[in-house]
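# Structure at a glance
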Amino acid sequence: MGLRQVWRFNSFRRTNVILQHLGMSKHTDADAAGEVLLERRGCAGVITLNRPKFLNALNLNMIRHIYPQLKNWEQDPETFLIIIKGAGGKAFCAGGDIRVISEGGKANQKIAQDFFREEYMLNNAIDCCRKPYVALIHGITMGGGVGLSVHGQFRVATEKSLFAMPETAIGLFPDVGGGYFLPRLQGKLGYFLALTGFRLKGRDVYAAGIATHFVDSEKLDMLEEDLLALKSPSKENIADVLDAYHTKSKIDQDKSFILEEHMDKINSWFSANTVEQIIENLQQDGSSFALEQLKVINKMSPTSLKITVRQLMEGSSKTLQEVLTMEYRLSQACVGGHDFHEGVRAVLIDKDQSPKWKPADLKEVTDEDLNNYFKPLGSNDLKF
């Protein structure tokens, strides 16, 4: 596929196809135990996200299994590293199980509170983990899957990795610490990825700084075995193994970053402090690439777009814990609002791909509206 065809490709629609998988889950207690596998193998604790039919979408049950085990392994003198991977070959983790969250939120259930609170606590635990943490982000890695990987010390992509933060398409925002890691990517790349949901594939996931290493997918099992075979490894020993595989990888080695030729313009367009100014910048540019991004942004929730710009601007100078506290407030406000449920309806339930956003126009999303999303929750705030 040529570069022009890539830009013409309707990424909004493709993202929705992936999001639809996240709404397919019919969860029962009988399934619960096998949804995530936790094993001690060799020198490592190994976490396997085990819902391949649902692209390993993350639910509350999985979070509640992973978090205490992560803490146990962190204290265990016989566990020297932690590996996390996805079953099935198609996905590491395509995100949170958002349909369940929307249905629970509408019914005033506690699931929306509990899910986001415990998910963000897990994201922080990964960031603070005292043992080397290796995420094998092979296949689709979006939303909640990014939260399970990007805060860890090592992230290994393959030619089949597919990264995106598509939340503005469903009336949400790029959470799981997106307000921390996205503004810290090169230039304004994070703002571009957050507002458009643009998908990065293969070696581009490494070039963007999402992954720390790139390995051919056919070597992934061998890499894991070599890591497990290490004897009382240090962080440096683990890095040496990962570096060796990375160096030997030849797939797309000479290919330039897919956004390289556009980065100067992306940095310029997305340096604006408001969504309106970003849109004006794209309109004034008028190039086919600029107009394609404009088309995508115009389909997103206006409220989500404004939340996201402020989230990233504020997050650029906050710690991860401060960002997660802010994002918890935002998550609860979104679940209590209109656009998140409308986005889930349009993408997952009715599948008409035509969300009716309220407000439908950026001009109608006032500063006062925005301030309400960012308000502290008092005793209900996320605390570490």
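Here is what the cut-offs are and how they apply
Residues numbered from 1 in each chain as written. Predicted model: local features only at pLDDT ≥ 70, side-chain atom pairs only at ≥ 80, totals over all residues. Heavy atoms only, no water. Helix = DSSP H or I, 4+ residues; strand = E, 2+ residues; numbered from the N terminus. Rg over C-alpha atoms; globule rule 2.2 N^0.38 Å. Buried < 20%, exposed > 50% of the residue type's maximum accessible area, 1.4 Å probe, protein only. Contact = heavy atoms within 4.5 Å. Areas by Shrake-Rupley, 256 points an atom, 1.4 Å probe, with all protein chains shown as cover. Lys, Arg positive; Asp, Glu negative; His and termini not counted. Charge placed at Lys NZ, Arg CZ, Asp CG, Glu CD. Pairing = 2+ DSSP bridges. Core = buried A, V, L, I, M, F, W, Y, C linked by side-chain atoms within 4.5 Å. Phe/Tyr/Trp six-rings, centres within 6.5 Å; stacked < 30°, edge-to-face > 60°. Axes fitted to C-alpha atoms, helices over the stretch in contact; angles between N-to-C directions. Parallel < 35°, antiparallel > 145°, perpendicular 65-115°, else oblique. Nonpolar A, V, L, I, M, F, W, Y, C, P; charged D, E, K, R; others polar. Disulfide = S-S within 2.5 Å. Salt bridge = Lys/Arg side-chain N within 4 Å of Asp/Glu carboxyl O.

This part is about the overall build of the protein. A count of helices and strands for the protein gives 19 helices and 10 strands. Over its C-alpha atoms the protein spans a radius of gyration of 20 Å, differing by no more than 12% from the 21 Å that the globule rule assigns to 384 residues. Taken over 384 residues, the protein has a buried fraction of 58%. Taking the contacts inside the protein whose residues are at least 6 apart along the sequence as the reference set, 76% of them involve residues at least 24 apart. Of the accessible surface of the protein, which amounts to about 15,900 Å², a share of 49% is contributed by carbon and sulfur atoms. One way to put it: in the protein the 46 positive side-chain charges average out to a point 3 Å from where the 48 negative ones average out.

The sheet built from six strands is open, its strands ordered S1-S2-S3-S5-S7-S10 with mixed pairing. Each edge of the open sheet is held by one strand with a lone partner, namely strand S1 (36-41) and strand S10 (213-214).

Turning next to the side chain of Thr 141. With respect to the secondary-structure elements, Thr 141 resides in strand S6 (residues 140-142). With near-sequence residues (within four places) excluded, Thr 141 lies in contact with Phe 92, Cys 93, Val 146, Ser 149, Leu 162, Phe 163 and Ala 164.

With omega at -5 degrees, the peptide bond leading from Lys 358 into Pro 359 counts as cis. Structurally, the position occupied by Pro 359 is in the loop between helix H18 (339-349) and helix H19 (367-373). The residue Leu 55 is not glycine, and still its phi comes out positive at about 55 degrees. You can see Leu 55 is positioned in the loop between strand S2 (44-49) and helix H4 (60-75). Even without glycine at this site, Lys 351 takes up a positive phi of about 60 degrees.

Turning next to helix H9 (residues 189-196). Of all eight residues in H9, eight are buried, a share of seventy percent or more. Buried within H9 we find Leu 189, Gly 190, Tyr 191, Phe 192, Leu 193, Ala 194, Leu 195 and Thr 196. Looking at the buried residues of H9, the elements they touch are strand S8 (162-164), strand S9 (200-201), helix H13 (263-269), helix H14 (275-285), helix H15 (288-297) and helix H16 (302-315). Two residues or fewer past H9, Gly 197 is found with a positive phi of approximately 70 degrees.

Time to look at the nonpolar core. Leu 49, Leu 200 and Leu 259 are the most contacted members of the largest nonpolar core, which has 93 residues in total. Here this core gets eight residues from one element, more than from any other, and that element is helix H17 (residues 320-335). The residues touching Leu 200, leaving out its near neighbours within four places in the chain, are Ser 161, Leu 162, Phe 163, Leu 193, Val 205, Ala 208, Phe 257, Ile 258 and Leu 259. Judged by nonpolar contacts, the second largest core, of 20 residues, contains Cys 43, Val 46, Leu 223 and Ala 239.

As a further point, take the packing of aromatic side chains. In the structure shown here, the tally under the stated rule is six aromatic pairs. Their ring planes at 85 degrees and their centres at 5.5 Å tell us that Phe 115 and Phe 116 sit as a pair that is edge-to-face. Neither Phe 115 nor Phe 116 differs from the other in exposure class; each is buried. Between Phe 192 and Phe 270, the ring centres sit 5.7 Å apart and the planes meet at 80 degrees, which makes this aromatic pair edge-to-face. On the criterion of sequence distance, the pair formed by Phe 192 in helix H9 and Phe 270 in the loop between H13 and H14 is long-range, its members being 78 residues apart. For the pair Phe 192 and Phe 270, a shared accessibility class is recorded, and that class is buried.

For the pair H9 and H15, interaxial distance at closest approach is 9 Å and the crossing angle is 50 degrees. When the axis of H9 is compared with that of H15, the two are oblique. Between H9 and H15, the contacting residues are Phe 192, Leu 195 and Thr 196 on the first element and Phe 289, Gln 293, Val 296 and Ile 297 on the second. Residue composition of the contact of H9 with H15, by class: five nonpolar, two polar and no charged.

A full pass over the atoms with the stated rule returns zero disulfides. Distance from the sulfur of Cys 93, which forms no disulfide, to the nearest cysteine sulfur (Cys 129) is 18 Å. Its sulfur unpaired, Cys 128 is 8.9 Å from the next cysteine sulfur, which belongs to Cys 129. The exposure class of Cys 128 is partly exposed, given its relative accessible area of 39%.

What follows deals with the pattern of salt bridges. Side-chain pairs of opposite charge can arise whenever the charged atoms involved come near each other. Under the definition given, this model contains 18 salt bridges. We note a salt bridge from Glu 224 to Arg 41, for which the minimum N-O separation is 3.1 Å. In this pair, Glu 224 is assigned in helix H11 (residues 220-228) and Arg 41 in strand S1, connecting sequence segments 183 residues apart. For Glu 224, a relative accessible area of 5% translates into the label buried. The shortest N-O distance in the salt bridge between Arg 99 and Glu 103 comes to 3.1 Å. With Arg 99 and Glu 103 both in helix H5 (residues 98-106), this residue pair falls four residues apart, about one helical turn. One salt-bridge network, in which partners are shared between bridges, spans Arg 41, Lys 85, Glu 224 and Glu 225.

That is the geometry; function is a separate question.
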